[in-house]
Amino acid sequence: MNAENIILETKALKKNFGKLEVLKGVSLQVKKGDVIAVIGPSGCGKSTFLRCLNLLERPTAGAILLEGEYVFKNEQGYAYERLENAKQAISAAKKQGEFPSAAVISEWEAAKKEYEEIKAEEKQINKYLEKQLNAHRQKIGMVFQQFNLFPHLTIMQNIVLAPMKLKKTPKEQAEMQAMELLKSVGLEDKAFVYPNTLSGGQKQRIAIVRALAMQPDIMLFDEPTSALDPEMVGEVLKVIRDVAANGMTMVVVTHEMGFAREAASKVLFMDGGVIKEEGTPEEIFSAPKDERLKEFLSKVL
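All of the points below concern the structure found in this document. Here the structure is a predicted model, which is why all the values come from computation and not from measurement.

## Examining helix α4 (residues 155–166)
So, point 1. Buried residues of α4: I155, M156, N158, I159, V160 and P163, and no others.
So, point 2. Turning to α4, the residues buried within the fold contact α5 (171–184) and α6 (200–212).
So, point 3. Phi turns positive one or two residues past the end of α4, at K168, with a value near 60°.

## Re the layout of surface pockets
So, point 1. By volume, the largest pocket amounts to about 560 Å³.
So, point 2. Around the largest pocket, the lining comprises 22 residues; the ones closest to its centre are R137, I140, M142, A162 and M214.
So, point 3. At the level of secondary structure, the elements contributing two or more residues to the lining of the largest pocket comprise α3 (102–138), β6 (140–143), α4 and α6.
So, point 4. When its residues are assigned to classes, the lining of the largest pocket shows 14 nonpolar, 6 polar and 2 charged.

## A look at the packing of helix α2 (residues 76–95) against α3
Between two packed helices, what matters for the description is the angle formed by their axes and the separation of those axes.
So, point 1. Where α2 contacts α3, the axes come no closer than 8 Å and their chain directions differ by 155°. Here α2 is positioned roughly antiparallel relative to α3, judged by the angle of their axes. Crossing geometry of α2 relative to α3 is assigned as left-handed. Of the residues in α3, those touching α2 at Q76, A79, Y80, R82, L83, A86, K87, A89 and I90 are V104, I105, E107, W108, A110, A111, K112, E114, Y115, I118, K119 and E122.

## Re the pairing of strand β8 (residues 249–253)
So, point 1. Most of β8 sits out of view: 5 of its 5 residues are buried.
So, point 2. Bridge analysis of strand β7 (residues 218–222) against β8 gives 5 bridges, and the strand direction is parallel. What sits directly across from F221, in β8, is V252.
So, point 3. Once the chain exits β7 it traverses helix α7 (residues 230–245) before rejoining the sheet at β8, and the crossover so formed is right-handed.

## Things to note about the sheet that holds β7
So, point 1. Overall, mixed pairing links the 6 strands, which are arranged β6-β7-β8-β3-β9-β10 in an open sheet. This sheet does not close on itself; its edge strands, each paired only once, are β6 and β10 (274–279). Here the average twist between neighbouring strands, direction ignored, is 20°.
So, point 2. Each of β3 (35–39), β6, β7, β8 and β9 (266–271) touches helix α1 (residues 46–53); the most contacted strand, β7, lies at about 150° to it.

## Section: the packing of α4 against α5
So, point 1. At their nearest, the axes of α4 and α5 sit 9 Å apart, and the two run at 125° to each other. Here α4 is positioned oblique relative to α5, judged by the angle of their axes. Note on packing geometry: the crossing formed by α4 with α5 is right-handed. In this structure, α4 uses I155, M156, I159, V160 and M164 to contact α5, whose residues at the interface are K171, A174, E175, A178, M179 and L182.
So, point 2. Grouping the amino acids of the contact of α4 with α5 by side-chain chemistry returns 9 nonpolar, no polar and 2 charged.

## Here's the deal with the sheet that holds strand β5 (residues 69–74)
So, point 1. Taking strand neighbours across the sheet as the criterion, the 4 strands line up as β2-β1-β4-β5 in an open arrangement whose pairing is antiparallel. Bordering the open sheet on either side are β2 (20–31) and β5, each of which pairs with just one other strand. On average, each strand axis in the sheet is inclined to that of its neighbour by 10°, with strand direction left out of account.
So, point 2. Bridge analysis of strand β1 (residues 6–17) against strand β4 (residues 61–66) gives 5 bridges, and the strand direction is antiparallel. Among the inter-strand pairings, L8 is bridged to a residue of β4, identified as L66.
So, point 3. Across the sheet, α1 lies against β1, β2 and β4, angled at about 120° from β1, the strand it touches most.

## Regarding empty space enclosed by the protein
To find leftover empty space, a probe the size of one water molecule is rolled over the atoms.
So, point 1. A full pass over the atoms with the stated rule returns 1 cavity of 30 Å³ or more.
So, point 2. Roughly 40 Å³ of volume is contained in the largest cavity.
So, point 3. Considering the residues around the largest cavity, the lining is formed by L55, V71, L129, Q132, L133 and H136.
So, point 4. Looking at the lining of the largest cavity element by element, the count peaks at 4 residues for α3.

## Topic: the pattern of salt bridges
So, point 1. Scanning the model with the defined rule gives 16 salt bridges in all.
So, point 2. Its salt-bridge partner being E67, residue K139 comes within 3.5 Å of it at the nearest N-O pair. You can see K139 sitting in the loop between α3 and β6 and its partner E67 sitting in the loop between β4 and β5, a full 72 residues away along the chain.
So, point 3. The class of E67 is partly exposed, set by a relative accessible area of 24%.
So, point 4. Taking the shortest distance from any N to any O, the salt bridge between R82 and E107 comes out at 2.8 Å. Of this pair, R82 sits in helix α2 while E107 sits in helix α3; the two residues are 25 residues apart in sequence, bridging distant segments of the chain.
So, point 5. Look at E107 and you get partly exposed, because its relative accessible area is 33%.
So, point 6. What you see here is one network of salt bridges that share partners, running through D271, R292, E295 and K299.

What counts, and where the lines are drawn
Residues numbered from 1 in each chain as written. Predicted model: local features only at pLDDT ≥ 70, side-chain atom pairs only at ≥ 80, totals over all residues. Heavy atoms only, no water. Buried < 20%, exposed > 50% of the residue type's maximum accessible area, 1.4 Å probe, protein only. Helix = DSSP H or I, 4+ residues; strand = E, 2+ residues; numbered from the N terminus. Contact = heavy atoms within 4.5 Å. 1 Å grid on protein atoms, 1.4 Å probe; cavity = no way out; pocket = protein on both sides within 12 Å on 5 of 7 lines; lining within 4 Å. Points joined across faces, edges and corners; volume = space filled by probe spheres on them. Nonpolar A, V, L, I, M, F, W, Y, C, P; charged D, E, K, R; others polar. Axes fitted to C-alpha atoms, helices over the stretch in contact; angles between N-to-C directions. Parallel < 35°, antiparallel > 145°, perpendicular 65-115°, else oblique. Left-handed = near helix turned anticlockwise from the far one by under 90°. Pairing = 2+ DSSP bridges. Right-handed = clockwise from strand over helix to strand, strands pointing away. Salt bridge = Lys/Arg side-chain N within 4 Å of Asp/Glu carboxyl O.

Right, here's the structure in full:
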């Protein structure tokens, strides 16, 4: 890991669904121990951004680095744009009956070289990354809105499945670790029941435990309380706070402003596929600068 302890970084990340541009160039650095809350209106790209971080959604352009190594890189589009601009400058000069200047020719040569180099580099990177995708995902735990527990497996089986299959953890060791995690969220008595016997809050706590069982370097939470009844929200947020207090690095997409204010070390406000403002909870909630953020907070607080 580098000197600044940056675990996860995105560079100008974009995501299109057909002609719909959902992410328009999101750059972020997540340092070890950060608890980053991502807030913003529905449809602004928050969940898409989170899903891009562990490549459940493949970004359209940009780069993602995990612990200093590329896990996604597609920047040739930017280089291609530069090359096209250089070609157009040459064409414009020729249309006017002029020979392109030395500066224009030099820019075209530099752009062409850059494009070819990036294209070749990314071909090698992406070939390597296809083989490393599962290893990448093992380092990034994710908790979804809708729990995603396997209904035909007991809680214990749900938790030990990934460590045993992906990390080759012996069954006895995996079950012992699972029981310790269940105790930490007060659900050790539910180890051998099935998910359909649990409340929504209990299911989400199990989903968190299942992600933690893989011992990830960073945890992603996609609106983890949005599918819960109001009285269950507190118990899930308490578990997330406890996990954060133990030093886990987190990115949490949330509508819970109280959690963002109290538990986060940094808050990002997203709107229209970009980060409009970022800062400490104090800066975001007490002294917002962006007009759209002020409008958003006036409606949700």
